[in-house]
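Examination of the molecular architecture
Below, each chain spelled out in residue letters.
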Amino acid sequence: MPYVPGDHVHVASFGKGTVLDARNGDRYLVDLKGRSMVVHASQLTALHDHTPRRTTPIAGGSVDAASQLGRAHAQASIDLHGMTRMEAISALDAFLNDAMLAGLAEVRVVHGRSGGL
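Residues numbered from 1 in each chain as written. Predicted model: local features only at pLDDT ≥ 70, side-chain atom pairs only at ≥ 80, totals over all residues. Heavy atoms only, no water.

**Focus on the packing of aromatic side chains**
All chains considered together, the criterion is met by 1 aromatic pair. For the pair Tyr 3 and Tyr 28, a centre-to-centre distance of 5.4 Å together with 90 degrees between the ring planes defines the contact as edge-to-face. Of this pair, Tyr 3 sits in the segment before strand S1 (8-11) while Tyr 28 sits in strand S3 (residues 27-32), placing them 25 residues apart in sequence. For Tyr 3, a relative accessible area of 7% translates into the label buried. (Phe/Tyr/Trp six-rings, centres within 6.5 Å; stacked < 30°, edge-to-face > 60°. Helix = DSSP H or I, 4+ residues; strand = E, 2+ residues; numbered from the N terminus. Buried < 20%, exposed > 50% of the residue type's maximum accessible area, 1.4 Å probe, protein only.)

**Topic: a nonpolar patch on the surface**
Together, Leu 96, Met 100, Leu 104, Val 107 and Val 109 give the surface a local cluster of nonpolar side chains, amounting to about 380 Å² of exposed area. Structurally, Leu 104 is set in the loop between helix H1 (85-102) and strand S9 (108-110). Look at Leu 104 and you get partly exposed, because its relative accessible area is 35%. (Patch = residues over 30% accessible without salt bridge, like charges linked within 9 Å, V, L, I, M, F, W, Y side chains within 5 Å. Areas by Shrake-Rupley, 256 points an atom, 1.4 Å probe, with all protein chains shown as cover. Salt bridge = Lys/Arg side-chain N within 4 Å of Asp/Glu carboxyl O.)

**Looking at the pattern of salt bridges**
Here the structure, examined in full by the defined rule, presents 2 salt bridges. With its nearest N and O atoms 3.1 Å apart, the salt bridge here joins Arg 23 to Asp 21. Overall, Arg 23 belongs to the partly exposed group, its relative accessible area being 36%. With a relative accessible area of 29%, Asp 21 lands in the partly exposed category. Between Asp 93 and Arg 35 there is a salt bridge, and its shortest N-O distance comes to 3.2 Å. With Asp 93 in helix H1 and Arg 35 in strand S4 (residues 35-40), this residue pair connects regions lying 58 residues apart in the sequence.

Set out below in structure tokens:
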């Protein structure tokens, strides 16, 4: 079953999410509790809700509001100083997801080299 941005789905072993983008090879970018992941269509089950999808007009068509998640607030740099290894990994993961969704061609990651925990 083809999914479109804004569709509510259940991702096997992860839970409920929203399709953000359709990729090639039957893969979809899905938002799960504020995190994005690419999953194969075989891992998705449609959740039927009766709320219409809102669209945002753009030149030559429209884009679902769900596909715009993370694009408006994406920043071009992140500073990881003072974070533990796990905090930095989590922050960098979210930062890179937002940057990719925003279509940023280049980002800056400020990090340190020390004996951090």
